Amino acid sequence: HVGVLVGGPAARAQHIEYTIVFYLMQGGGSVLAAWLLFTQSVGWVEWSAFIFGYLLINFGVGVGYHRYFTHRSFETSRWMQVVMAVTGQMASMGSIINWVADHRRHHAFANVEGDPYGP
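I will try to describe carefully the structure that is included in this document. All values derive from a computational prediction rather than experimental measurement.

The rules we used
- Residues numbered from 1 in each chain as written.
- Predicted model: local features only at pLDDT ≥ 70, side-chain atom pairs only at ≥ 80, totals over all residues.
- Heavy atoms only, no water.
- Helix = DSSP H or I, 4+ residues; strand = E, 2+ residues; numbered from the N terminus.
- Rg over C-alpha atoms; globule rule 2.2 N^0.38 Å.
- Contact = heavy atoms within 4.5 Å.
- Lys, Arg positive; Asp, Glu negative; His and termini not counted.
- Charge placed at Lys NZ, Arg CZ, Asp CG, Glu CD.
- Axes fitted to C-alpha atoms, helices over the stretch in contact; angles between N-to-C directions.
- Parallel < 35°, antiparallel > 145°, perpendicular 65-115°, else oblique.
- Left-handed = near helix turned anticlockwise from the far one by under 90°.
- Patch = residues over 30% accessible without salt bridge, like charges linked within 9 Å, V, L, I, M, F, W, Y side chains within 5 Å.
- Areas by Shrake-Rupley, 256 points an atom, 1.4 Å probe, with all protein chains shown as cover.
- Salt bridge = Lys/Arg side-chain N within 4 Å of Asp/Glu carboxyl O.
- Buried < 20%, exposed > 50% of the residue type's maximum accessible area, 1.4 Å probe, protein only.
- Phe/Tyr/Trp six-rings, centres within 6.5 Å; stacked < 30°, edge-to-face > 60°.
- Lys NZ or Arg CZ within 6 Å of the ring centre and 35° of its normal.

### Notes on the overall build of the chain
Part 1: For the chain, the count of helices and strands is four helices and zero strands.
Part 2: Along the chain, helices and strands appear, N-terminal first, in the series α-α-α-α.
Part 3: The C-alpha radius of gyration of the chain comes to 17 Å, more than 25% above the 14 Å expected for a compact globule of 119 residues.
Part 4: Dimensions of the chain along its principal axes, counting C-alpha atoms only, are 55 × 40 × 20 Å.
Part 5: Counting contacts in the chain only where the partners sit at least 6 residues apart, residues at least 24 apart contribute 56% of the total.
Part 6: Seen as two clouds, the 6 positive and the 6 negative side-chain charges of the chain have centres 8 Å apart.

### Structural notes on the packing of helix α2 (residues 44–70) against helix α3 (residues 78–89)
Part 1: At a minimum axis separation of 7 Å, α2 and α3 run at an interaxial angle of 120°. Considering their axes alone, α2 and α3 lie oblique with respect to each other. Seen from above, α2 lies across α3 with left-handed handedness. Here L56, I57, F59, G60, V61, V63, G64, Y65, Y68 and F69 of α2 come into contact with α3, specifically with M80, Q81, V83, M84, A85, T87, G88 and Q89.

### What to know about a nonpolar patch on the surface
Part 1: Judged by side-chain polarity, L37, F38, V42, W47, F50, I51, Y54 and L55 come together as a nonpolar surface patch covering roughly 890 Å² of accessible area.
Part 2: When contributions to the nonpolar patch are tallied by element, the ones reaching two or more residues are α1 (8–39) and α2.
Part 3: For the nonpolar patch, the element with the highest residue contribution is α2, accounting for five residues.
Part 4: Under the relative-accessibility criterion, W47 is labelled partly exposed at 43%.

### Overview of the packing of aromatic side chains
Part 1: Counted according to the given criterion, the structure contains five aromatic pairs.
Part 2: Ring geometry for W47 and F50: centres 6.1 Å apart, planes at 85°, overall edge-to-face. Linking W47 with F50, this pair stays in helix α2, spanning three residues, or about one helical turn.
Part 3: A ring pair is formed by Y68 and F74, whose centres lie 5.3 Å apart and whose planes are at 45°; its orientation type is tilted.
Part 4: Given a relative accessible area of 5%, Y68 falls into the buried group.
Part 5: One cation-aromatic arrangement involves R72 over Y68; the distance from NZ or CZ to the ring centre is 4.8 Å.

Listed below in structure tokens is the structure:
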């Protein structure tokens with residue numbers, strides 16, 4: 001399919017890059033968080049920041065990147081578009097353009113060769 005990396009050095013390099021970034025962010029961040037949880041005093045401020053950040057980032061990805069930018073499920077103001085873009089970017093999932101392109105390809109080629117989320 002046009003624009004879809006299937007095999008070859010470019011697709012392999014992208015897969016390696018995504019794997020490294022994922023494990024550094026998810027694995028490294030989780031280990032660091034667990035270490036801090038058991039070695040530092042954790043109060044309501046830390047838990048509130050964690051919960052607020054979790055909800056804010058998931059709003060940016062779920063509502064912003066996915067529902068608005070990918071599927072154009074609703075209309076909103078320019079100000080709200082900026083808020084959704086910024087909160088989605090806080091998840092460090094790459095640029096909006098690349099995320100939307102990959103997700104649209106995923107819907108077009110779900111579970112077949114060319115699906116960017118497929119094995």
